[in-house]
Amino acid sequence: MPAGQVSTSDALSENYFKKMTQALCKAGLYTPSLVVDKVRLDSNLAAVKSITEKGFDFRIVVKSLPSIPMLEYIMKSANTQRLMCFHMPFLRYLSEHIPNADVLMGKPMPIGNVESYYQFLNKQDGFKFNPTTQLQWLTDSYARVKQYGQLAKKLKTVMRINLELDVGLHRGGFTNHEEFSETLNYIKCHDYLTLSGMMGYEAHITKIPGFIGGPIKAFNNACKLYKGFSDVIIKVMGEGALENLTLNTGGSSTYPLYEKPGLMNEISTASALVKPTDFDVYTLDHHVPAAFIAAPVLKIIKDPEFPMLKKLSKLMHRIGFLPRKVCFIYGGNWLARPCYPAGSKRVNILGHSSNQEMYELKETDNINVDDFMFFRPTQSEAVFLQFGDIAVYEDGKIIDIWPVFENK
Ligand SMILES: Cc1ncc(COP(=O)(O)O)c(C=O)c1O
């Protein structure tokens, strides 16, 4: 286990959640809250750093941790200015709030959106963020690069272009060397475009089953495809053309596979730092869940009944078709799975409710009205934006509040 990492053995214990419950009550947080455990965040960060310190730059994926103080905390701890952004409102927000950021867009943006970003910047007074040196636009085809080229000419502004590669995920990006080469020639001859790098995302790797080659084969294939495109850059742009380029790869489930620096020089990741359930994958066994939804228990009901069906409900209890004990919580219906009390399950007898969702409890569960149920988000990107400020938890106390991004 790398230095600074927390053991995974006690990750979801009753004791852990009882202490978190006390901390929430002490802090007066009685509505559903998103809680991030800072000690665990640090532990996961230590794991990421143990790879990036081998010789990769670390780019933090903004959508997965959409909070300025949270990003700033990680940027400082990992000594990086690099961010990956996927949403125009977030780019505007970053330009204002983290003016020294180095931003790579993680997906291509419609050209109208790009133009309105420059219009937005023109209207601001005193913004220090300079897109000609601090921003890379991700583009996935010759046609799109031409659109960017026309806009750059119209606005008379330099745009840095990063090229998305398809390295096996098949989520778009360049696939053939002819189109790639044509695009490079277009950029080379353009007065306002510069080539800033390539991005090859390979989240498919850990999902490839053994009978079609397994993750190692998929990883090697992705690296080979990446190398093929880098050879085209050298051919079109000349020896030394790769120097100073951003050669980006990686994601939460794959970053630990980059054991030796090679062609790629930076890794993007973020979800692994809080480990939602979608990231319960073998490559992240050494990471600990660090983000939880805490939802107050409003009502506990023994022997719940179907409306108007007293006798049938009794029968259903007897044959185990209806739970003997349920609770209604404050809120619900999130992209999240219950983790405390362990084994709780969503109950569907009244349909689902975002207002008061019903959960099955075990009769032995030691939980009362006004206690909290806890959930692990399945993903961080959508869920983190649903609860207002993030409650930052450390060793039995809520020690800080981190506001999340405004989505406008
Ligand atoms: C281009 C790209 N890089 C990296 C990531 C990894 O982000 P995370 O580590 O938060 O899953 C993503 C996730 O969607 C992505 O699209």
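Before any of the text, the structure's been laid out above.
Residues numbered from 1 in each chain as written. Predicted model: local features only at pLDDT ≥ 70, side-chain atom pairs only at ≥ 80, totals over all residues. Heavy atoms only, no water.

## Section: the layout of surface pockets
Estimates place the volume of the largest pocket at around 330 Å³. In terms of lining, the largest pocket is formed by 21 residues, of which the most central are Lys63, Ser64, Tyr201, Ser271 and Glu381. Here the lining of the largest pocket is composed, by residue class, of seven nonpolar, ten polar and four charged. (1 Å grid on protein atoms, 1.4 Å probe; cavity = no way out; pocket = protein on both sides within 12 Å on 5 of 7 lines; lining within 4 Å. Points joined across faces, edges and corners; volume = space filled by probe spheres on them. Nonpolar A, V, L, I, M, F, W, Y, C, P; charged D, E, K, R; others polar.)

## Some points on the pattern of salt bridges
Inspection of every chain in the model, using the stated rule, returns 16 salt bridges. Among the salt bridges present, the one from Arg40 reaches Asp37, with a minimum N-O distance of 3.6 Å. For the residue pair Arg40 and Asp37, the accessibility class agrees, reading buried in each case. Close ionic contact of Lys275 with Asp280 constitutes a salt bridge, the shortest N to O distance being 3.9 Å. Exposure remark for Lys275: the relative accessible area of 7% places this residue in the buried category. One salt-bridge network, in which partners are shared between bridges, spans Asp57, Arg59, Arg82, Asp102 and Glu266. (Salt bridge = Lys/Arg side-chain N within 4 Å of Asp/Glu carboxyl O. Buried < 20%, exposed > 50% of the residue type's maximum accessible area, 1.4 Å probe, protein only.)

## Here's the deal with the packing of helix H8 (residues 177-189) against helix H9 (residues 214-237)
Two elements in contact, H8 and H9, have axes separated by 10 Å at closest approach and are oriented at 40 degrees. Judged on the interaxial angle alone, H9 and H8 are oblique. In this structure, the crossing between H8 and H9 has a hand that is right-handed. Contacts between H8 and H9 involve His177, Phe180, Ser181, Leu184, Asn185 and Lys188 on the former and, on the latter, Gly228, Phe229, Val232, Ile233, Val236 and Met237. (Axes fitted to C-alpha atoms, helices over the stretch in contact; angles between N-to-C directions. Helix = DSSP H or I, 4+ residues; strand = E, 2+ residues; numbered from the N terminus. Parallel < 35°, antiparallel > 145°, perpendicular 65-115°, else oblique. Left-handed = near helix turned anticlockwise from the far one by under 90°. Contact = heavy atoms within 4.5 Å.)

## A short note on helix H3 (residues 68-78)
Along H3, the residues that are buried comprise Ile68, Met70, Leu71, Ile74, Met75 and Ala78. Projected down its long axis, H3 shows its buried positions confined to an angular sector of 165 degrees, all on one face. Looking one or two residues beyond H3, the residue adopting positive phi is Asn79, at roughly 55 degrees. (Arc of directions from axis to C-beta.)

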